Every structure is written in C-alpha cells, then in structure tokens.
Amino acid sequence: MTTHTTSPRARASYAELSLYAPDRRPCDVDLSDNTNLWGVPPAAERAMREAASDAMARYPELYAHSLKNALAQYAGVDTSCIVTGCGSDDVLDSAIRAFGEPGDRIALPDPTFPMIPVFARMNALTPVPVRLTSAYDADADALLATDPDIVYLCSPNNPTGTSLARAAIDAIVARANGLIILDEAYAEFAGWSAVELAMRSHRVLLTRTLSKAFGLAGLRIGYGIGAPELVAAVEKSRGPYKVSAIAARAAMAALGDDLPWVRERVDAVVTLRARFTDALRALGLEPLQSRANFVLAPVADAAKVAAALRNRGIAVRPFEHLNAPACTPLAATRGSAIRITIGPWPLLERALGALHEVLP
Ligand SMILES: *Cc1c(COP(=O)(O)O)cnc(C)c1O
C-alpha cells in the first residue's frame, strides 16, 4: 500500500539553528555565566520555602499582575508599562515575534548577546550583525543603513561589558523605523538606565532580568519596560501563565525586603571589577572597560586558556572569532577572549592565581 504522507518538516529557518550549548559542566569556581556569586537573596529564599501549597496546585496569575506592580515600583514607572516573562529571554523572543513578520530584518551590534540571532531565526526573521566601532560603541549609521525592521541594542553589552554611548542610542532612536529593543540585563552594574527614554519614545522597549544582579537565574524572571501599547503587544505574543506562582512570590520578596542586599552586592561588584581589571593588567592582559558584572580579556587562544583554567577548577567563558573592532586589543587576538564573572574576591584571587600559571 502506498501512502502519500510527507514527513514533518521544521521551518526552513531552523536549518540555521542549533541548541544553545555552552560548557555547563560543574566546576569548583564557576565564573562563566554572570550570575550573582554571593548566593540567594534571603527574603526571596524564605518566600520560596514558605510558599503555600496553593501556589503549586492552582494556576498563577495570568500575566503576573502582582509581580508587575512590584517591578513597576522598582523601575519607577506605571504598571501598564511592564511586561514579565520566563526570563528576559522570553521577553526578547516575544518582542521579536510581536513586532517582526517572517522575513523581516533585525539589526544588531556584533559582538552582542548570542541568543538574539537565535530568537530571530526562531521567529523566521533575518539577523543582520553590524560590527561595533573601535570605541566598542554601536555604529548608528551602519545599523541604520541595513534598513532594519527591528534594532537590538545591549548596554552594558554582553560579552564586551562596555556601555553604549547615549548619543549612539539617541541617534538610532531618532532615525530608525520600527521597534528598538534595548537590553539592560546588566543596567544595575552600570549605574544608569534609559528608562526615561523608553517612557518618552513609544518605540523603545527595555528588557531587564532578575537573573544577574538579583541572583535569581533559576527562577526565570525577566521583564520589559515600554509604552503601554508596546507592552500590550509583547504580552499577546508571550501568552498567559509564563511566570510560575512560586517564582513570582520569591521575586516580589527580592524586590522588597532584599533590595538592600542586592544593592550591597552591586556596590561590591563595582569595587571588585576595578580591582580585578587592574590585576589582569598586571598579568599583562588588556581587559575591556567593563560596566557590567564581568570582564572580557582578549587572550591568544581562549579555548586553550579556558580548558587549562578548568583543569585548575575555574570555569570562564571562552570566545573565539568575535568580530573585533579594528585597532583594538581584541583585534590583536583575532577576536579570541575569555569572559570572567565578578564575584567575591577570594574566587577572583583563585582565578588570578590560575591565570598566572596558565598564561604564556
Ligand atoms: C543573561 C542575559 C539575558 C537573559 O537573562 P534571563 O536569564 O533570560 O533573564 C538577556 N540579555 C543579556 C545580554 C544577558 O546577558
């Protein structure tokens, strides 16, 4: 008997997609993923343990209204300007889907957060990478010249750690058509945010997360800030029930009683980041000027250095073939670099000791 069925076929754009696969093997000192290495905010942990059983048996709020109230207060905006998600990854993915039709172009600086081209392909958009300037800034003219339907920016930028100049962001917002996403996953460590820009311009969506400064990466809570009509479209694309009831309760505790705990650790990161950068220079490296909770240091053979550090119990994130801006230390290593998360000094000291042994 002949059949006339065809095999299921994934979207054509998925041919370009592979699963996210950083080296996540356990390691004694893990400086590879930019989470908060001082542990869990205490009120959040308490809220989680005390979460009543109805938080498990019943559905959570449809669109996390109570959590949105707490986030609005923290960000200093109205609740109608907040959308939540299962990590800011979910907010980014939903925003790209909400404002991009299949075939549309999303322009992004290069290098930047590697998940953006993935979310673009997942939604059948075409990512158009545009190299950073020699000052590690967004190249406004070159980004606009790609005639994008969506522009993605990240400040402080991952993996460079550098901040974009406000002038570059303003130039893009003034001249780009369509949605501008500004990823502020590391805004707490930079000491500035473009929240007032997002409130003024009805085309800017900020995305933020509780995974980094707030130490809650396992709970998967992210949020967007933008004009109510932007946020409403992202919420339609996101769908209901994306934030679990228990995660929402812990997050609300973190945004309340834990704020002093979070701010103390952010201050510690800023101090230790300067100290660690100096120590890397003393080892002969030329780290980039970071405004985030990690430092990117160009090295000749990042994969080899990372493997040798791992053998000494230290995990860092290696990058190879980053699209290095011309005439920078990163260009001198042909885009090879290691990214190291800032944590308590004893951990950084171990990393420095191991680097001293490992570097040529
Ligand atoms: C870590 C990170 C995110 C994602 O964080 P979530 O855990 O999904 O909230 C988003 N953008 C950048 C630049 C990041 O580094």
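Here the structure is a predicted model, which means the values were calculated and not measured.

Draft legend 1. Representation of the site of the ligand in the model. Lining the immediate environment of the ligand, one finds 13 residues, of which S88, Y186, T209, S211 and K212 sit closest. Between the ligand and the protein, one listed contact pairs an oxygen atom with a side-chain N or O atom of Y186 at 2.6 Å. S211 is positioned with one of its side-chain polar atoms (N or O) 2.6 Å from an oxygen atom of the ligand. For the ligand, whose free accessible area comes to 390 Å², the fraction covered by protein is 93%. With respect to the pocket detection grid, the ligand is positioned in the second largest pocket. Of the residues forming the shell around the ligand, the biggest block, three residues, is contributed by helix α4 (residues 87–99).

Draft legend 2. Geometry of the domain arrangement of the protein chain. Partitioning the protein chain into structural domains gives domain 1 (22–39 + 260–358) and domain 2 (42–255). Distance between the C-alpha centres of domain 1 and domain 2: 24 Å. Summed over both sides, the interface between domain 1 and domain 2 buries roughly 2300 Å², with carbon and sulfur atoms accounting for 62% of that surface. The largest per-residue losses of area from domain 1 upon contact with domain 2 belong to R291, N323 and P325, which jointly make up 26% of the total buried on that side. Our enumeration of links across domain 1 and domain 2 arrives at zero salt bridges. Applying the counting rule to domain 1 against domain 2 returns nine residue pairs in polar contact (both at pLDDT 80 or more). Mapped by element, the contributors of at least two residues to the side of domain 1 that touches domain 2 are α12 (259–282), β9 (294–298) and α14 (329–332). The leading source of residues in the side of domain 1 that touches domain 2 is α12, at seven residues. A breakdown of the residues in the side of domain 1 that touches domain 2 according to their chemical character gives 16 nonpolar, nine polar and five charged.

Rules used in this analysis
- Residues numbered from 1 in each chain as written.
- Predicted model: local features only at pLDDT ≥ 70, side-chain atom pairs only at ≥ 80, totals over all residues.
- Heavy atoms only, no water.
- Near = heavy atom within 4 Å.
- Polar contact = N/O pair within 3.5 Å; in protein donor to acceptor, adjacent residues only side chain to side chain.
- Areas by Shrake-Rupley, 256 points an atom, 1.4 Å probe, with all protein chains shown as cover.
- 1 Å grid on protein atoms, 1.4 Å probe; cavity = no way out; pocket = protein on both sides within 12 Å on 5 of 7 lines; lining within 4 Å.
- Sits in = over half its atoms within 2 Å of the grid points.
- Helix = DSSP H or I, 4+ residues; strand = E, 2+ residues; numbered from the N terminus.
- Domains from an automatic or database assignment.
- Buried area = accessible area lost by both parts, 1.4 Å probe.
- Salt bridge = Lys/Arg side-chain N within 4 Å of Asp/Glu carboxyl O.
- Nonpolar A, V, L, I, M, F, W, Y, C, P; charged D, E, K, R; others polar.

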